[in-house]
Number of protein chains: 2
Amino acid sequence: MTGSPFPAEALALAGRLADAAGAVIRPHFRTGVAIVDKADESPVTIADRDAEAAMRQLIEDAFPEHGILGEEHGSVRLDAEFVWVLDPIDGTKAFISGLPVFGTLIALLHGGRPVLGVIDQPISGERWLGAEGRGTTLNGRPVHARACERLDRATLFATAPDMFKGEEIAAFERLRGSVKLMRWGADCYATAMVASGHADLVVESSLQPYDFCALAPVIEGAGGIATDWEGRPLRIDSGRRSAIAGDRRAHAAALEALAWHA
Amino acid sequence: MTGSPFPAEALALAGRLADAAGAVIRPHFRTGVAIVDKADESPVTIADRDAEAAMRQLIEDAFPEHGILGEEHGSVRLDAEFVWVLDPIDGTKAFISGLPVFGTLIALLHGGRPVLGVIDQPISGERWLGAEGRGTTLNGRPVHARACERLDRATLFATAPDMFKGEEIAAFERLRGSVKLMRWGADCYATAMVASGHADLVVESSLQPYDFCALAPVIEGAGGIATDWEGRPLRIDSGRRSAIAGDRRAHAAALEALAWHA
């Protein structure tokens, strides 16, 4: 393990986790009728729960000493050196509505810091994998964020206006008013588009650790940056706000526009 | 032509138009770097212009007496009995940002009324085709909108909050406050999801005829309904507002919530 921030086998395991989640999720896509309550036994609930269970079993088999934090089945061993953070279906609304822009998010944390991340889209068959010391790939081919030095050249994504609350609303409006192009929707797929050089910024709030931990290594391995609104690197104990960019200059300008001091 | 509202050859031509547009568009997807000005020679501008030119040529060859209204190259013979309405890339922002939820829209109008419509997604290879007297298909298989009798069970789509202006804002907020699930983004792909039974409502404004004409036959052939906010069927001379639903009961409830009287 010298030099690398994670066991070498973790990289292959991350791919197997995404494979397992996709195999569970795909048969449930576009099968729902009118049931959208998360409390119901809806297709998304079943897919979410079973995909996470499949991934947890693979982790327990390979690394029984690692911790796990999942959206659906809670947490174990969060004080372990290594902790996996899982969100089987990020973008539940997209999944429910038949849109192939949801994703399976898998992160490996070392001392609370994300060092390996996967964004997997099991319908289109696209897998972004980022890891410290390795760079980010899409289906095995390296990807790179694009240059964007100024907000008035930037494409900004956020999932939905109502994710911003209280003073966040005015802060986000300042940023939105400064960018070239604003696009709503897309969830984790928006970050994948930044990693691949098709968009510049994803700024969100109302997040949980399983929403953002996987995004950081994917973006950083593509040359970008992922922080909270105060500019601190994303960690398991970060707050609810993320600011992700392909170019540090656009990121700095975005933080300035947000002018956030919590 | 007795009984059918359009020449039999028009159905096959519509498929050839979508094929031609897709062949032009696909090589330009995810090739852009930072150029997002529509006035520039950006990939989306080239794809949009060349795809429409390819479709117009096929129409001129097959039906030289038909009219054509296109987003990119203007209009000819709008007083003809039959008029084709073309939008090579509906969802320009999605295309620019690398999201496979844009679409090519093709409509055939008879006396100003849409009687045939295509929503084609050339990256995922999904084609919705609706025509009077034929029903709607996705890649040749019939699709049907789902039942949704009440707004509090409905999934509502709109492309972006800023498409609503003036009194539309409050009207849309009344509707949004009544539905089960609101999802932003998706452009014409949202209507395709309603036709396939994965969502219930698409309510938009700031539209041009080439944005909505193709949607009406696709929705109606799947058992749904497409009108303006006053409940009038969509036509080439409809205003800027559309209300599309898979179930007439949800549609009626949506119009009531909008409470629109222009």
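What you are looking at is a predicted structure, and each value in this text was computed from that prediction instead of being measured. (Residues numbered from 1 in each chain as written. Chains lettered and ligands numbered in written order. Predicted model: local features only at pLDDT ≥ 70, side-chain atom pairs only at ≥ 80, totals over all residues. Heavy atoms only, no water.)

**Details of the sheet that holds strand E4 (residues 103-110) of chain B**
All names here are of chain B.
So, point 1. Ordered by their spatial adjacency, eight strands build an open sheet running E2-E1-E3-E4-E5-E6-E7-E8, and the pairing between neighbours is mixed. Each edge of the sheet is formed by a strand with only one pairing partner; in this case those strands are strand E2 (74-76) and strand E8 (141-142).
So, point 2. Here strand E3 (residues 82-90) runs beside E4; their pairing, made up of seven bridges, is antiparallel. Paired with Val85 across the two strands is Ala107, which belongs to E4. (Pairing = 2+ DSSP bridges. Helix = DSSP H or I, 4+ residues; strand = E, 2+ residues; numbered from the N terminus.)

**Describing the nonpolar core**
So, point 1. Core analysis: the biggest nonpolar cluster contains 186 residues, and Trp84, Trp128 and Leu175 of chain A together with Trp84 and Leu175 of chain B have the highest contact counts within it.
So, point 2. In contact with Leu175 of chain A, not counting residues within four places along its chain, are Leu151, Leu156, Val203, Ala254, Ala257 and Leu258 of chain A. (Core = buried A, V, L, I, M, F, W, Y, C linked by side-chain atoms within 4.5 Å. Buried < 20%, exposed > 50% of the residue type's maximum accessible area, 1.4 Å probe, protein only. Contact = heavy atoms within 4.5 Å.)

**Observations concerning the pattern of salt bridges**
Where charged atoms of side chains with opposite charge meet at close range, the side chains can pair.
So, point 1. For the coordinates displayed, the defined rule picks out 36 salt bridges over all chains.
So, point 2. The partner of Asp200 of chain A in a salt bridge is Arg146 of chain A, and the shortest N-O contact between them spans 2.8 Å. Taken together, the residues Asp200 of chain A in the loop between helix H5 (187-195) and strand E11 (201-204) and Arg146 of chain A in the loop between strand E8 (141-142) and strand E9 (155-158) connect sequence positions 54 residues apart. Each member of the pair Asp200 of chain A and Arg146 of chain A is classed as buried.
So, point 3. For Arg49 of chain B, the salt bridge is made with Asp50 of chain B, and the minimal N-O distance between the two is 3.4 Å.
So, point 4. What makes Arg49 of chain B partly exposed here is its relative accessible area of 29%. (Salt bridge = Lys/Arg side-chain N within 4 Å of Asp/Glu carboxyl O.)

**Some details on the environment of Ser97 of chain B**
So, point 1. With respect to the helices and strands, Ser97 of chain B occurs in the loop between helix H3 (92-96) and E4.
So, point 2. With residues up to four places along the chain from it excluded, the contact list for Ser97 of chain B reads Thr155, Phe157, Leu181, Met193 and His198 of chain A.

**Some words on the relation of the copies chain B and chain A**
So, point 1. Between chain B and chain A, which share one sequence, the superposing operator has a rotation angle of 180 degrees and an axial displacement of 0.0 Å; the RMSD is 0.0 Å. When the rotation and shift are considered jointly, the pair of chain copies conforms to a two-fold rotation axis.
So, point 2. Mapped onto chain A, 100% of the interface residues of chain B are again interface residues, and the two copies thus contact each other with one and the same surface. (Least-squares fit on C-alpha atoms with pLDDT ≥ 70 in both.)

**Let's talk about the interface of chain B and chain A**
So, point 1. Counting residues at the interface gives 37 residues for chain B and 37 residues for chain A.
So, point 2. A buried area of about 3,300 Å², summed over both sides, lies between chain B and chain A, and 54% of it is on carbon and sulfur atoms.
So, point 3. A per-residue breakdown of the area chain B buries against chain A is headed by Arg30, Arg183 and His198 of chain B, which together make up 20% of the total.
So, point 4. Seen at the junction of chain B and chain A, the total is six salt bridges.
So, point 5. Residue Arg183 of chain B pairs with Asp187 of chain A through a salt bridge whose shortest N-O separation is 3.0 Å.
So, point 6. Put simply, the parts of the chain that give the side of chain B that touches chain A at least two residues each are H3, strand E9 (155-158), strand E10 (181-184) and helix H5 (187-195) of chain B.
So, point 7. It is E10 of chain B that contributes the most residues to the side of chain B that touches chain A, four residues altogether.
So, point 8. Its residues placed into classes, the side of chain B that touches chain A shows 19 nonpolar, seven polar and 11 charged. (Buried area = accessible area lost by both parts, 1.4 Å probe. Nonpolar A, V, L, I, M, F, W, Y, C, P; charged D, E, K, R; others polar.)

**Structural notes on the domain arrangement of chain A**
For an interface, size is often stated in terms of accessible area lost upon the parts coming together.
Residues and elements named next belong to chain A.
So, point 1. Entries for chain A in the domain assignment read domain 1 (8-142) and domain 2 (151-258).
So, point 2. Between domain 1 and domain 2, the residue contacts involve 33 residues of the former and 23 residues of the latter.
So, point 3. Interface area, domain 1 with domain 2, both sides summed: about 2,100 Å², of which 69% is carbon and sulfur.
So, point 4. Its largest share of buried area at the contact with domain 2, domain 1 owes to Pro114, Ile119 and Trp128, together 26% of the area lost on that side.
So, point 5. Counting the contacts that link domain 1 with domain 2 gives zero salt bridges. (Domains from an automatic or database assignment.)

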